[in-house]
Amino acid sequence: MQDVPIRTTFYVDPDADGDIANGSSMHPFTSIGDALEMMANNQLNDTIVVRGEVELYLGSDFTQAKSLTIIGTDPEVDKIVGDMPQVETEVPVTFKNIGISSLWQENDESMINI
């Protein structure tokens, strides 16, 4: 039996059609949580490519990856909103080319572009 390659890059777009989502660039997931659930091997470095504004909250499980990189496609548009100052994990998480805005703040001036 031939080994099936394990996907390590997942795409997320909150405006995508969730009914046909599989995490590919053509059919992205609608949430980071969906992408995290599909990570299959904690010995691999995974990447999530984000389009648009997505949410990330306390309790997000990063343990299915050796490391995780979350990348935006356009730092002027792409943004993670959530409990970012509160996220704690043993897994290294890197953010690139994406804005981060905490729900704890009441205005968009709190957004950090990375």
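About the thresholds
Residues numbered from 1 in each chain as written. Predicted model: local features only at pLDDT ≥ 70, side-chain atom pairs only at ≥ 80, totals over all residues. Heavy atoms only, no water. Salt bridge = Lys/Arg side-chain N within 4 Å of Asp/Glu carboxyl O. Helix = DSSP H or I, 4+ residues; strand = E, 2+ residues; numbered from the N terminus. Buried < 20%, exposed > 50% of the residue type's maximum accessible area, 1.4 Å probe, protein only. Pairing = 2+ DSSP bridges. Right-handed = clockwise from strand over helix to strand, strands pointing away. Polar contact = N/O pair within 3.5 Å; in protein donor to acceptor, adjacent residues only side chain to side chain. Contact = heavy atoms within 4.5 Å. Phe/Tyr/Trp six-rings, centres within 6.5 Å; stacked < 30°, edge-to-face > 60°.

S.K.: Report on the pattern of salt bridges, specifying residues and quantitative values.
M.R.: The full count for this structure, using the stated rule, is one salt bridge. In this structure, E53 engages K79 in a salt bridge whose closest nitrogen and oxygen atoms are separated by 3.5 Å. Placement of the pair is E53 in strand β3 (residues 53-56) and K79 in strand β5 (residues 79-82), with a sequence separation of 26 residues. Residue classification places K79 among the buried positions, given a relative accessible area of 11%.

S.K.: Describe the pairing of strand β2 (residues 45-50), and please don't skip the residues or the numbers.
M.R.: Across the six residues that make up β2, a large majority, five, are buried. Direction of pairing for strand β1 (residues 9-12) relative to β2: parallel, over a ladder of four bridges. Each bridged residue has a counterpart across the sheet, and for T9 the counterpart in β2 is T47. Handedness of the crossover joining β1 and β2 through helix α1 (residues 32-38): right-handed. Pairing analysis gives six bridges linking β2 to strand β4 (residues 67-72), with the strands arranged parallel. Residue pairing for β4: T47 is matched across the bridge by T69.

S.K.: A description of the side chain of S67 should follow, citing residues and the corresponding values.
M.R.: Locating S67 in the fold gives a position in strand β4. Looking at S67, its side chain comes within polar contact range of the side chain of N45, at 2.7 Å. Beyond its immediate chain neighbours, meaning those up to four positions away, S67 contacts L44, N45, D46, V91 and P92.

S.K.: Any details on the packing of aromatic side chains? Residues and values, ideally.
M.R.: Two numbers describe a pair of aromatic rings. These are the distance of the centres and the angle of the planes. Taken as a whole and judged by the stated rule, the model has one aromatic pair. Summarising the aromatic geometry, the rings of F10 and F29 are spaced 6.5 Å apart at their centres and angled 25 degrees between planes, so their arrangement reads as stacked. Taken together, the residues span a long stretch of sequence, with F10 in strand β1 and F29 in the loop between β1 and α1 at a distance of 19 residues. Both residues of the pair, F10 and F29, count as buried.

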